[in-house]
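The lines below spell out each chain.
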Amino acid sequence: MYAANVLGIIYSNVYDDHLNELTTVRTMGSVPFAGRYRLIDFVLSGMVNSGITKVGISTKANYQSLMDHLGSGQAWDLSRKRDGMTILPPFNLSDSGVYESRLEALQGMMGYISKSGKDYVVLADCNAVCNISYADLLDFHQESGADITVAYKRGIAPKLKNIMTFDIEGNDIKKVTVDQHGDEACDYALNIIVMSRVLLQRIISAAAGSGSIRESFEKEAIAKNVDKLKIKGYKVDTYAKTIDSLQSYYDISMQLLSGEFRDLFTKENPVFTKVRDDMPAIYGICSKASDSLVADGCIIKGTVENSVLSRGVQIAEGAVVKNSIIMQDCFIGAGASINCAILDKDVVIKPNRELSGAETYPLYIGKGTTV
Amino acid sequence: MVKKTECLAMLLAGGQGSRLGILTKNIAKPAVPYGGKYRIIDFPLSNCINSGIETVGVLTQYQPLELNDYIGNGRPWDLDRSYGGVHVLSPYQQIKGTEWYKGTANAIYQNINFIDRYNPEYVAVLSGDHIYKMDYNKMLKFHKENDAACTIAMLEVPWDEASRFGLMFVNDDGSISEFEEKPKNPRSNKASMGVYIFTWSKLRQYLIDDENNPESGNDFGHDVIPAMHENGERMFAYKFDGYWKDVGTIDSLWEANLDLLNPKVDLDLSDDSWKIYSRNPIAPPHFVSADAKLENSMVGEGCYIGGEVDYSVLFSNVTIEKGAKVRYSIIMPGTTIKAGATVEYSIIAENAVIEEDAKVGLSPEDSANRDDWGVTVIGEKVTIGKGATVAAKEMIDTDVKGVK
């Protein structure tokens, strides 16, 4: 089914603190990923491909880069007279300061939610990278008669605060455990949640009324309701990876290069992103590239191995880049050598410098640094 | 208050480009892909917006579907405006009957009403089949300084090529003394680039006179410009010295693409101050596998490179399988070159498939008859079967069976 009757809510800032290095200057949603994208592109494009036409993006801090990236929503066909994309700045109630919990964030956008005119709401984060069909998720929600449906994945749970893990029978969630971290495979939430708009409004009002608005959404809305409401699990078997640290950001990026990018990017569900009008990538004489994802606007005259290159990266003659993530418009000077590093936007590496991290401890160079 | 349009551009995009053969079977020449992600028309359109010309009429006639679809509301070029913007102008029915655009001048004549709506001082007439980056605003300034009726952009071409162009003789002050259309023995190497700026009040009258002249072929180069010259109008040549290429033939289209790989050629598409805008493909970054050997090439989004690629331009979503070889070729969007296949000195149009071990094209050195050598062209959605061979200079627009 086409999910036209659904309001999408995306948290752009949740878990920023798990990726401190990359989020000091931006939100989780605007963290560059897979060369030409920002993390929010995946969830936003998934929603659009599923027929969702109204999306509210919750923000909290440092959302300038996010606004710059999203613009009017045109790149996602969300610049519309009816519906479309709305960036929701934090809403302060006189004495409360900036919100601290998901519930409080939702409370701040109650007006937006109740006026949306949609019967269902999908809530999602940006750090779970996947390209799922929200239409299928909604079909499942309606057919199973669930009050709340939570998408989940089987595997080792990401080390995120308030992560939900489930005991599931069939597709019924029998027990919700919050904040339990182990090294064994379990069913953990991707934090993609569907419920009716009316139920969501009721949950927020109840939390506000009982003074538990600053409690975690996972505990208040899901775990506490496990006996009262029909909570179902929707198993995701396609590509879905949750970023919970700089190390996992690095690992997940590197795994794309071993072929996983084919699972993330499918013909049927294109991932949209801001248009930059760069020229196609150019490879020079004697350039060497292997096992790499390279975005448009790159000029490669040196060697690139097992790396992810964002748009507009330049690699000069004789430079060697291995096992690294190089973000937009970085410049690697002639003869420089980079290994196991994450270079944030606009980094300049002067000629013949050598930088090396380890696979288990990638070296991070901050935005705009000159080395 | 109505905003004033100082200069409006009319872009001639109706030509078939018959010398491009099967590449323009279903699309007009300006819609032909170029440079890994662009179409030819992106260049004049981007030049317009970068020069501050915000009202552009695009005159279409031959196979306009793809071109109309591509231009859309003009958004990729920032030409979606509430006043002005880009307008696609096709021939239309009138009370006296229906008429195709008979010639370049007639096409503008039929749209006098469109131009009058904006009441511009000046009109730039551009063609939709050249690759170049040019600031029309500088040319307009030159036109105004000389109080000209018509200014023609001029390029000095190599003498041995001069006979292919409309040539001009230019006085020291920049005024034009004489024209010569494609002469056998050129006496000048100052060629017209097909870029004109007219003072609209003048051009408007000449277009009406031209239409009333039953002898006229209704063409700018042959009729309108000579008529203005004969009448002693002030006509000037504006010298341009950047990269300019007419991509009217298979060989020139092929060359113009490969020019992008030559650092000595003055056509920088990465220049942020003069961007060439286009409708961008929605595709992930391209992936280069461990088996790939990729050098001296341009690669678009969504490509998968598993084979050898040298001195080639690959558009978006092209697949080069492991063991395939591509040299000196232009591969348009969505095409697949399978394992063991060799493609050299060729242009492969969109969504074609070159099956395993097929051989397409030949280098001039390996060619038996070098004088008859040419670039090989494979048409849109054509499949070249397993092990089949396609010789140099061939143009294939139906499937070729495999060889067992």
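Keep in mind that this is a model prediction, so the values were computed, not measured.

It is worth spelling out the interface of chain A and chain B at this point. Listed as interface residues are 34 residues of chain A and, on the opposing side, 33 residues of chain B. Each partner contributes to the roughly 2700 Å² buried at the junction of chain A and chain B, and carbon and sulfur atoms together form 56% of this total. For the chain A face of the interface with chain B, the top three residues by lost area are Asp 277, Pro 280 and Tyr 283 of chain A, together amounting to 25%. We note a salt bridge from Glu 301 of chain B to Arg 36 of chain A, for which the minimum N-O separation is 2.5 Å. Our count for the chain A to chain B interface comes out at 19 residue pairs in polar contact (both at pLDDT 80 or more). Across the side of chain A that touches chain B, the residue classes tally to 21 nonpolar, 6 polar and 7 charged. Pairing between strand S14 (residues 281-283) of chain A and strand S18 (residues 297-299) of chain B: 3 bridges, direction antiparallel. Looking at S18 of chain B, one finds that Ile 282 of chain A is bridged to Met 298 of chain B.

Before going further, it helps to examine the nonpolar core. Most often, soluble globular proteins have nonpolar side chains that are buried together. If you look at the biggest cluster of nonpolar residues, it comprises 109 residues, and the most contacted ones within it are Phe 33, Leu 106, Leu 123, Ile 148, Ile 192, Phe 217 and Tyr 249 of chain A. It is helix H9 (residues 246-264) of chain A that contributes the most residues to this core, 9 residues altogether. Residue contributions to this core reach at least three from each of two domains, namely domain 1 (3-256) and domain 2 (282-365) of chain A. With near-sequence residues (within four places) excluded, Ile 148 of chain A lies in contact with His 141, Ile 193, Val 194, Met 195, Leu 199, Ile 203, Ala 221, Ile 222, Leu 229, Lys 230, Ile 231 and Lys 232 of chain A. Formed by 80 residues, the second largest nonpolar core is a distinct cluster that contains Ile 299 of chain A together with Tyr 34, Leu 45 and Trp 373 of chain B.

Before going further, it helps to examine the sheet that holds strand S27 (residues 346-348) of chain B. With respect to topology, 11 strands assemble into an open sheet ordered S26(A)-S23(A)-S20(A)-S17(A)-S14(A)-S18(B)-S21(B)-S24(B)-S27(B)-S30(B)-S33(B), the strand pairing being mixed. Two strands close off the open sheet at either side, each with one partner strand: strand S26 (348-349) of chain A together with strand S33 (395-396) of chain B. Judged from the 2 bridges that link them, strand S30 (residues 376-378) of chain B and S33 of chain B form a sheet pairing that is parallel. Bridging across to S33 of chain B, Val 377 of chain B finds its partner in Met 395 of chain B. Where helix H8 (residues 250-259) of chain B meets the sheet, it contacts strand S21 (313-314), strand S24 (330-331), S27, S30 and S33 of chain B, and its direction lies at approximately 90 degrees from that of S27 of chain B.

A few words on the confidence of the model for chain B. Here chain B shows a mean pLDDT of 92. Residues at 70 or above account for 99%. Scored as a whole, the predicted complex attains pTM 0.92, and scored at its interfaces, ipTM 0.90.

What follows concerns helix H2 (residues 39-49) of chain A. Residues and elements named next belong to chain A. Burial of H2 is extensive: 10 of the 11 residues sit out of reach of the surface. All of the buried residues in H2 are Leu 39, Ile 40, Asp 41, Phe 42, Val 43, Leu 44, Ser 45, Gly 46, Met 47 and Val 48. Gly 51, located one to two residues past H2, shows a positive phi value of around 95 degrees.

As a further point, take the pattern of salt bridges. Under the definition given, this model contains 38 salt bridges over all chains. Between Glu 6 of chain B and Lys 144 of chain B there is a salt bridge, and its shortest N-O distance comes to 2.7 Å. With Glu 6 of chain B in the segment before strand S1 (7-12) and Lys 144 of chain B in helix H5 (residues 136-145), this residue pair connects regions lying 138 residues apart in the sequence. Accessibility expressed as a relative area gives 36% for Glu 6 of chain B, which makes it partly exposed. Residue Lys 144 of chain B is classed as partly exposed on the basis of its relative accessible area, which comes to 36%. Glu 99 of chain B is the salt-bridge partner of Lys 102 of chain B, the closest N and O atoms lying 3.6 Å from each other. Take Lys 102 of chain B: its relative accessible area is 45%, and that puts it in the partly exposed class. A single network of salt bridges, built from pairs that share partners, joins Arg 102, Asp 125 and Glu 218 of chain A.

It is worth spelling out the domain arrangement of chain A at this point. All names here are of chain A. Domain boundaries assigned for chain A yield domain 1 (3-256) and domain 2 (282-365). For domain 1 versus domain 2, the separation of C-alpha centres amounts to 33 Å. Each side of the interface is counted separately: domain 1 has 16 residues, and domain 2 has 22 residues. For the pair domain 1 and domain 2, the summed buried area comes to about 1500 Å², and 60% of that belongs to carbon and sulfur atoms. Broken down residue by residue, the surface that domain 1 buries against domain 2 is led by Arg 36, Tyr 250 and Met 254, which jointly contribute 36%. At the boundary of domain 1 with domain 2, the tally comes to 1 salt bridge. Those elements that provide at least two residues to the side of domain 1 that touches domain 2 are helix H1 (20-23) and H9. In terms of residue count, H9 provides more of the side of domain 1 that touches domain 2 than any other element does, 8 residues in total.

All names here are of chain A. For H9, built from 19 residues, the straight-helix expectation of 27 Å at 1.5 Å per residue is missed by more than 12%, its first-to-last C-alpha distance being only 20 Å. The sharpest bend along H9 reaches about 90 degrees and sits at Ser 258. Among the residues of H9, Leu 246, Ser 248, Tyr 249, Tyr 250, Ile 252, Ser 253, Met 254, Leu 256, Leu 257, Glu 260, Phe 261 and Leu 264 are the ones counted as buried.

We now examine the pairing of strand S12 (residues 231-235) of chain A. Remark: a regular strand shows side chains that alternate across the two faces of the sheet. Residues and elements named next belong to chain A. Most of S12 is tucked away: 4 of the 5 residues are buried. Here 5 bridges tie strand S8 (residues 148-156) to S12, and the two strands are oriented parallel to one another. The residue bridging Thr 149 from the neighbouring strand is Lys 232, located in S12.

Counted by the stated rule, this structure contains 26 aromatic pairs over all chains. Seen in terms of ring centroids, Tyr 328 of chain B and Tyr 345 of chain B are 4.8 Å apart; in terms of plane orientation they differ by 5 degrees. Their pairing is stacked. A residue pair is termed long-range when its members are at least 10 positions apart, and Tyr 328 of chain B in the loop between strand S23 (325-327) and S24 and Tyr 345 of chain B in the loop between strand S26 (342-344) and S27 qualify at 17 residues. Residue classification places Tyr 345 of chain B among the buried residues on the basis of a relative accessible area of 7%. Members of the aromatic cluster, connected to one another through ring pairs, are Phe 33, Tyr 37, Phe 42, Tyr 249 and Phe 265 of chain A. When the ring centre of Tyr 11 of chain A is taken as reference, the NZ or CZ atom of Arg 102 of chain A above it lies at 4.8 Å. Over the ring of Tyr 70 of chain B we find Arg 39 of chain B; its NZ or CZ atom is 4.9 Å from the centre of that ring.

All names here are of chain B. As a packed pair, helix H6 (residues 200-212) and helix H7 (residues 220-230) sit with axes 10 Å apart at the nearest point and diverge in direction by 120 degrees. Seen along the crossing, H6 lies across H7 with a hand that is right-handed. Mapping the contact onto sequence places Lys 202, Leu 203, Tyr 206, Leu 207 and Asp 210 in H6 and Phe 220, Asp 223, Val 224, Ala 227 and Met 228 in H7. Along the lines of polarity and charge, the residues of the contact of H6 with H7 split into 7 nonpolar, no polar and 3 charged.

Parameters at a glance
Residues numbered from 1 in each chain as written. Chains lettered and ligands numbered in written order. Predicted model: local features only at pLDDT ≥ 70, side-chain atom pairs only at ≥ 80, totals over all residues. Heavy atoms only, no water. Contact = heavy atoms within 4.5 Å. Buried area = accessible area lost by both parts, 1.4 Å probe. Salt bridge = Lys/Arg side-chain N within 4 Å of Asp/Glu carboxyl O. Polar contact = N/O pair within 3.5 Å; in protein donor to acceptor, adjacent residues only side chain to side chain. Nonpolar A, V, L, I, M, F, W, Y, C, P; charged D, E, K, R; others polar. Pairing = 2+ DSSP bridges. Helix = DSSP H or I, 4+ residues; strand = E, 2+ residues; numbered from the N terminus. Core = buried A, V, L, I, M, F, W, Y, C linked by side-chain atoms within 4.5 Å. Buried < 20%, exposed > 50% of the residue type's maximum accessible area, 1.4 Å probe, protein only. Domains from an automatic or database assignment. Axes fitted to C-alpha atoms, helices over the stretch in contact; angles between N-to-C directions. pLDDT = per-residue confidence, 0-100. Expected span 1.5 Å × (residues − 1). Bend = angle between axes of the 7 residues up to and from the residue. Phe/Tyr/Trp six-rings, centres within 6.5 Å; stacked < 30°, edge-to-face > 60°. Lys NZ or Arg CZ within 6 Å of the ring centre and 35° of its normal. Left-handed = near helix turned anticlockwise from the far one by under 90°.

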